[in-house]
Amino acid sequence: VGGLPMAGFASMKAMSTRNDEPERASRPWDRDRDGFVMGEGAGALVLERREHAEARGAKIYAVVAGSGLTSDGFDIVQPDPECNGGGRAMRAAIKQAGIDPKSVGHVNAHATSTPVGDMAEVKGVKREIGDHVVLTGTKSMTGHLLGGAGAVESIATIMAIHDGVIPPTINLENPDPELDLDVAANEARKKDLDAAMNTGFGFGGHNAAVLFTKA
């Protein structure tokens with residue numbers, strides 16, 4: 001990670017200052033979270049029509065069933081505390097997929113470990129999908145990959161459906177008192193999933209949600 005991005009995010013006070021324990025600094029939904037940790041990584045997915053994939057004998061891991069993209073412009077840095085823009089993206093993905101929100105069993109959340117963002121997203125997920133869903137924040141393990149986050153976390157979401165295993169949110173030692181949804185805390189969770197969602201929210205109010213279903 002370059003010095004300029006680090007300096008920029010540090011000046012915004014968006015990053016964790018738990019410098020003495022960097023491995024424990026990214027802690028989505030934990031009471032003691034204080035900002036995100038930058039990471040480096042990349043991922044790629046091959047998207048193609050089912051008939052084309054079947055014709056070439058490809059292994060199909062999941063289906064891209066729906067997506068949503070919104071921009072709320074709430075603030076240049078702070079997320080909308082009610083997750084209205086993010087909620088619209090989730091709703092659009094579910095509508096495009098044409099499925100019941102109750103069938104979405106898992107959300108790989110944006111969950112950067114910031115005080116406001118984590119709980120705003122919980123409100124959005126609960127409102128648009130329901131309180132049955134199991135959340136996870138894989139940024140607790142990878143850090144925030146910025147432009148690479150969407151692809152890597154989509155892969156984690158797809159593999160959760162394919163393998164029936166939700167990855168853990170590590171460092172969740174003292175859950176935020178306002179956290180009222182189930183989180184796969186500290187250990188992976190076995191769960192058969194028909195559908196799962198990956199969300200991503202950016203500074204300035206950029207919101208994205210992708211819904212995957214079992215192949």
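Please refer to the structure placed before this passage.
Since the model is a prediction, treat every value here as computed from it, not as a measurement.

A.B. asks: Any chance you could explain the overall build of the protein chain here in plain terms?
C.D. replies: Secondary structure assignment for the protein chain yields 6 helices and 8 strands. The helix and strand sequence of the protein chain, counted from the amino end, reads α-α-β-α-β-α-β-α-α-β-β-β-β-β. Taking 17 Å as the expected radius of gyration for a compact globule of 215 residues, we find that the protein chain reaches 17 Å, a close match to that expectation. Principal axes of the C-alpha set define a box for the protein chain whose edges measure 50 × 35 × 35 Å. Looking at the protein chain as a whole, 45% of its 215 residues are labelled buried. In the protein chain, the share of contacts with a sequence separation of at least 24, taken over all contacts with a separation of at least 6, comes to 74%. Each charge class in the protein chain can be summarised by its mean position, and for the 22 positive and 29 negative side chains these summaries are 4 Å apart.

A.B. asks: In this structure, what is going on with the nonpolar core? I would like to understand it.
C.D. replies: What tends to happen in soluble globular proteins is that the nonpolar side chains get buried as a cluster. W29, I129, L135 and M197 are the most contacted members of the largest nonpolar core, which totals 26 residues. At the level of secondary structure, the elements contributing two or more residues to this core comprise α3 (84–97), β2 (104–108), α4 (115–128), β7 (195–202) and β8 (206–214). Here this core gets 5 residues from one element, more than from any other, and that element is α3. Among residues more than four places away in sequence, those in contact with L135 are W29, H106, V107, V122, V125, L181, D182, V183 and A184. Within the second largest apolar cluster, 9 residues are counted, among which are A160, I166, A196 and F212.

A.B. asks: For this particular structure, what's the right way to read the packing of aromatic side chains?
C.D. replies: Two measures describe an aromatic ring pair: the distance that separates the ring centres and the angle between the ring planes. For the coordinates displayed, the defined rule picks out 2 aromatic pairs. Seen in terms of ring centroids, F9 and F36 are 5.2 Å apart; in terms of plane orientation they differ by 75 degrees. Their pairing is edge-to-face. Taken together, the residues F9 in helix α1 (residues 3–11) and F36 in the loop between α1 and α2 (50–55) connect sequence positions 27 residues apart. F9 sits in the buried class, given a relative accessible area of 13%. Centroid distance F9 to F203: 5.7 Å. Interplanar angle 35 degrees. Geometry classified as tilted. Here F9 is found in helix α1, whereas its partner F203 is found in the loop between β7 and β8, with 194 residues between them in sequence. We classify F203 as partly exposed; its relative accessible area is 33%.

A.B. asks: Can you walk me through the packing of α3 against α4 in this structure?
C.D. replies: The description of two helices packed together rests on the angle between their axes and the distance between the axes. Interhelical geometry of α3 versus α4 gives an angle of 35 degrees and a closest axis separation of 9 Å. The handedness of the crossing between α3 and α4 is right-handed. The segment α3 lies against α4, with N84, G87, M90, R91 and I94 engaging E121, G124, V125, R127 and E128. Here the contact of α3 with α4 is built from residues that sort into 3 nonpolar, 3 polar and 4 charged.

Calculation rules
Residues numbered from 1 in each chain as written. Predicted model: local features only at pLDDT ≥ 70, side-chain atom pairs only at ≥ 80, totals over all residues. Heavy atoms only, no water. Helix = DSSP H or I, 4+ residues; strand = E, 2+ residues; numbered from the N terminus. Rg over C-alpha atoms; globule rule 2.2 N^0.38 Å. Buried < 20%, exposed > 50% of the residue type's maximum accessible area, 1.4 Å probe, protein only. Contact = heavy atoms within 4.5 Å. Lys, Arg positive; Asp, Glu negative; His and termini not counted. Charge placed at Lys NZ, Arg CZ, Asp CG, Glu CD. Core = buried A, V, L, I, M, F, W, Y, C linked by side-chain atoms within 4.5 Å. Phe/Tyr/Trp six-rings, centres within 6.5 Å; stacked < 30°, edge-to-face > 60°. Axes fitted to C-alpha atoms, helices over the stretch in contact; angles between N-to-C directions. Left-handed = near helix turned anticlockwise from the far one by under 90°. Nonpolar A, V, L, I, M, F, W, Y, C, P; charged D, E, K, R; others polar.

The values reported here are purely geometric and, on their own, carry no functional implication.
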